[in-house]
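# An overview of the molecular structure
Listed below are the residues making up each chain.
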Amino acid sequence: MVSKVTIDENRCKGCGLCVRACPKKIMQLSKTKLNEKGYHPAEVIDQESCIACASCARTCPDAVITVEKE
Amino acid sequence: MAKKLMKGCEAIAEAAIQAGCRFFFGYPITPQNDIPEYMSARLPKVEGGCFLQAESEVAAINMVYGAAAAGARVMTSSSSPGVSLKQEGISYIAGAELPCVVCNMMRGGPGLGSIQPSQGDYFQATKGGGHGDYHLIVLAPSSVQEAVDLMHNAFDLADIYRTPVMLLADGIIGQMMEPVEFHEFEKRELPAKPWAVTGYDPNGDRKRAIVNSLYIEVDELQEMNDRLQARYKEICEKEVMVEKYKTEGAEVIVCAYGTVARICKSAIALCEEKGVKVGLVRPITIWPFPEKALQEVMAQPSVKRELTVEISAGQMHEDVRLAINGSKPTDFYGKPGSYTPTAEEIADYILKTREA
Amino acid sequence: MKTVFKKTPVLTDTIMHYCPGCGHGIVHRLVAEVIEELGIQNKTIGFVPVGCAVFGYKYFNIDCVEAAHGRAPAAATGTKRVNPNNIVFTYQGDGDLASIGAAEIVHAAHRGEKITTIFINNAIYGMTGGQMAPTTLVGQKTTTSPYGRDPEHCGKPIRIAEMIATIEGAAYVERVAVDSTPNIIKAKAAIKKAFQCQIDRKGFSLVEVLSSCPTNWGKSPAEAMDWIKSDMIPYYPLGVKKDITNE
């Protein structure tokens, strides 16, 4: 499946609930990036394995995740 | 229109409806129950009218807040202990800059006090009442007819200045019957209410309406307070109402409001019989207080002294003293609680203190 | 590409002030999504409380009223009575609704007021710094129950959904949680049903949402969600407490 997860990094507070919610375990909090607010934003580490279930987006308290698929 | 014999509370309720009030939220308390009772019978028969008995005075004033936020002409009424409960909501209404009318039929206090008339809520009414720097416009009728006439004004002033307006009467005004006439009133130009919450159309012209009194940033709260203070200044300049009765050439000036002012007029007649000229300054708006009018009257060379008469421990007397500011002697006659003085007592006191 | 999920326009673009992982953000989004899906943005009026959600008017892209502490159901009543065609909801926390506003919520339900209440139960006062709420669990430590809530001293936690369900005027009452994606999906369905209940003028509707307060619970966002499941749900069972919307 071709899918795309976009994270509005500067709105992300790095709470990690998306990481917890992802059934494919393909999300993490960035180990290198810091956003404007000083949080480590969430990122997808294996986009190809994404099944576009949007579990991450439905859990996100800050509505920063957009999910698309072919 | 022909005169009609009506009880004060009922006349006030009818006047409110004629002034366009369509929503009333209240809670029973003596001696103002005739207002909600009248409203409960009349409002459902008026197009768009709604009476609702709330679970408490606290809820009632917050229903007023919600109805005012939606742009309605709305009113509540209560009596002293109930008005204390409403203070939180009144502060929020003042802070959110919403128009509404609150009627207080004062009874004796503090605490549960009595159900007899009193003027013990003057401080509460004129100094804000709840928390924060705000004022209500406070109208103090001395007859049922005047209460009726002021009601129309009350709703207009609330809309014009986006402020709660209080009709403050002692229980006597509410409970006695007097002949009243309902006049046609001149329609004033009133501001639109684009701030009312009626539903936000993201594609429309109106901004999103937010009714709120929270300004967490110091600058923003300052701005809101400056706006309120500027409005209060304008009210003080434009909206003072006062009756001057036989003040010209008077030796003693009596200052009283509400029913007490009427008793004072009888006392003045008794003094006149004894050849002593006494005049009356009767504030109709007790906030804004008619400071200038009182100062002008007191400045007359004939005036030797002032006497404030109230059914309180001398609450309005503080404003009188501020206005006179030591220029001439001032005195107080009255008792706290519910004791209503007679014309004879007041006249005796005037004559006695004159000789002293 | 086809959009599977994106932020609803019924939420503004303002970044919410909530702590990382706070359940309020999730519930705000669910309410906003429901308003969008029902096509009622232009007639919905939101009443926000005193508590952490006090700034809710910055986030819901609708007309809003900020109510005094606990008084939102009374204020909402005033607005609904003026414009019965508006869809009016209150969004209240457990200090606001279950403590200081207990009378107002009971009587809004008692009148069968045609409004909807979204009640956030996170077992604590958030905004004021983690004090004990009526919903605080037995033994739970807060800044005003530093030795843990002692039921002998201050009673056992109050179950609002069950209590409101006993009131005749309540038409729909459900308790949900936002601890997991499946529960979040169920929570949204409940919120949608509560709004539909109002649209159909069936009576008062309330959805109690078990939500997290990682900061004041002293837990990570993930641990806080786990605690909802392990500690809150056993005391506050999920499910429909009352539904007469089909009658």
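Structural notes, computed from the coordinates. This is a predicted model, so every value here is computed, not measured.

Here is what the cut-offs are and how they apply
Residues numbered from 1 in each chain as written. Chains lettered and ligands numbered in written order. Predicted model: local features only at pLDDT ≥ 70, side-chain atom pairs only at ≥ 80, totals over all residues. Heavy atoms only, no water. Pairing = 2+ DSSP bridges. Helix = DSSP H or I, 4+ residues; strand = E, 2+ residues; numbered from the N terminus. Contact = heavy atoms within 4.5 Å. Axes fitted to C-alpha atoms, helices over the stretch in contact; angles between N-to-C directions. Phe/Tyr/Trp six-rings, centres within 6.5 Å; stacked < 30°, edge-to-face > 60°. Buried < 20%, exposed > 50% of the residue type's maximum accessible area, 1.4 Å probe, protein only. Salt bridge = Lys/Arg side-chain N within 4 Å of Asp/Glu carboxyl O. Polar contact = N/O pair within 3.5 Å; in protein donor to acceptor, adjacent residues only side chain to side chain. Right-handed = clockwise from strand over helix to strand, strands pointing away. Buried area = accessible area lost by both parts, 1.4 Å probe. Nonpolar A, V, L, I, M, F, W, Y, C, P; charged D, E, K, R; others polar.

### What about the sheet that holds strand 2 (residues 44-48) of chain C?
Ordered in space as 9(B)-3(C)-2(C)-4(C)-5(C)-7(C)-6(C)-8(C), the 8 strands form an open sheet in which the pairing is mixed. Sheet topology places strand 9 (210-211) of chain B together with strand 8 (239-243) of chain C at the edges, where each strand pairs with a single neighbour. Relative to strand 4 (residues 87-93) of chain C, strand 2 of chain C is paired through 4 bridges, and the arrangement is parallel. The partner of Thr44(C) across the bridge, within strand 4 of chain C, is Ile87(C). Against the sheet, helix 8 (residues 181-199) of chain C engages strand 2, strand 4, strand 5 (116-121), strand 6 (170-177), strand 7 (204-210) and strand 8 of chain C, with an angle of about 165° to strand 6 of chain C.

### Quick look at the packing of aromatic side chains
Geometry of an aromatic ring pair is reported as the spacing of the ring centres plus the angle between the planes. Residue and element names in this part refer to chain C. Applying the stated criterion across every chain, the model contains 11 aromatic pairs over all chains. With 5.6 Å between their ring centres and 85° between their planes, Phe60 and Phe89 make a pair best called edge-to-face. Of this pair, Phe60 sits in the loop between helix 2 (56-59) and strand 3 (63-66) while Phe89 sits in strand 4, and the two are 29 residues apart along the sequence. Since its relative accessible area comes to 0%, Phe89 is described here as buried. Between the aromatic rings of Tyr235 and Tyr236, the centroid separation amounts to 5.0 Å while the plane-to-plane angle is 85°, which identifies the pairing as edge-to-face. Neither Tyr235 nor Tyr236 differs from the other in exposure class; each is buried. Taken together through their ring pairs, the aromatic side chains of Phe60, Phe89, Tyr91 and Phe195 make up a single cluster.

### Let's talk about the interface of chain A and chain C
Taken residue by residue, the interface counts 28 residues in chain A and 30 residues in chain C. Across the contact surface, chain A and chain C share 1 salt bridge. For the salt bridge of Asp226(C) with Arg20(A), the shortest nitrogen-to-oxygen distance reads 2.8 Å. Here chain A and chain C share 13 residue pairs in polar contact (both at pLDDT 80 or more) between them. Where the side of chain A that touches chain C is concerned, the elements lending two or more residues are strand 1 (3-7), helix 1 (17-21), helix 2 (55-59) and strand 4 (65-69) of chain A. By residue number, the principal contributor to the side of chain A that touches chain C is strand 4 of chain A, which donates 5 residues. As judged from the 3 bridges shared by strand 4 of chain A and strand 1 (residues 2-5) of chain C, these two strands associate in the antiparallel manner. Residue pairing across strands places Val67(A) opposite Phe5(C), the latter belonging to strand 1 of chain C.

### Examining the environment of Phe24(B)
Residues and elements named next belong to chain B. With respect to the helices and strands, the residue Phe24 is situated in strand 2 (residues 23-26). A C-alpha to C-alpha distance of 33 Å links Phe24 and Gln222, two positions 198 residues apart in sequence. Setting aside residues up to four positions removed in sequence, Phe24 forms contacts with Ile35, Pro36, Met39, Leu43, Cys50, Phe51, Leu52, Met75, Thr76 and Ser77.

### Observations regarding the pairing of strand 14 (residues 305-310) of chain B
Residue and element names in this part refer to chain B. Burial runs high along strand 14: 5 of the 6 residues are buried. Alignment of strand 11 (residues 252-255) against strand 14, held across 4 bridges, turns out to be parallel. The residue bridging Val254 from the neighbouring strand is Leu307, located in strand 14. With 5 bridges connecting them, strand 14 and strand 15 (residues 330-334) associate as parallel partners. Across the sheet, Val309 pairs through a bridge with Tyr333, a residue of strand 15. Running through helix 11 (residues 316-324), the crossover from strand 14 to the neighbouring parallel element strand 15 is right-handed.

### A word on the interface of chain B and chain C
Listed as interface residues are 33 residues of chain B and, on the opposing side, 35 residues of chain C. Taken together, the two surfaces of chain B and chain C that pack against each other cover about 2,600 Å², and 61% of this comes from carbon and sulfur. If you sort the residues of chain B by the area they bury against chain C, Glu55(B), Tyr200(B) and Arg208(B) come out on top, with a joint share of 21%. Here chain B and chain C share 3 salt bridges between them. Its salt-bridge partner being Asp63(C), residue Arg206(B) comes within 2.6 Å of it at the nearest N-O pair. At the junction of chain B and chain C, the tally comes to 16 residue pairs in polar contact (both at pLDDT 80 or more). Taken together, the elements giving at least two residues each to the side of chain B that touches chain C come down to strand 2, strand 3 (50-53), helix 3 (57-69), helix 4 (80-95) and strand 9 of chain B. Element by element, the count of residues in the side of chain B that touches chain C is highest for helix 3 of chain B, at 8 residues. Taken together, the residues of the side of chain B that touches chain C sort by class into 22 nonpolar, 6 polar and 5 charged.

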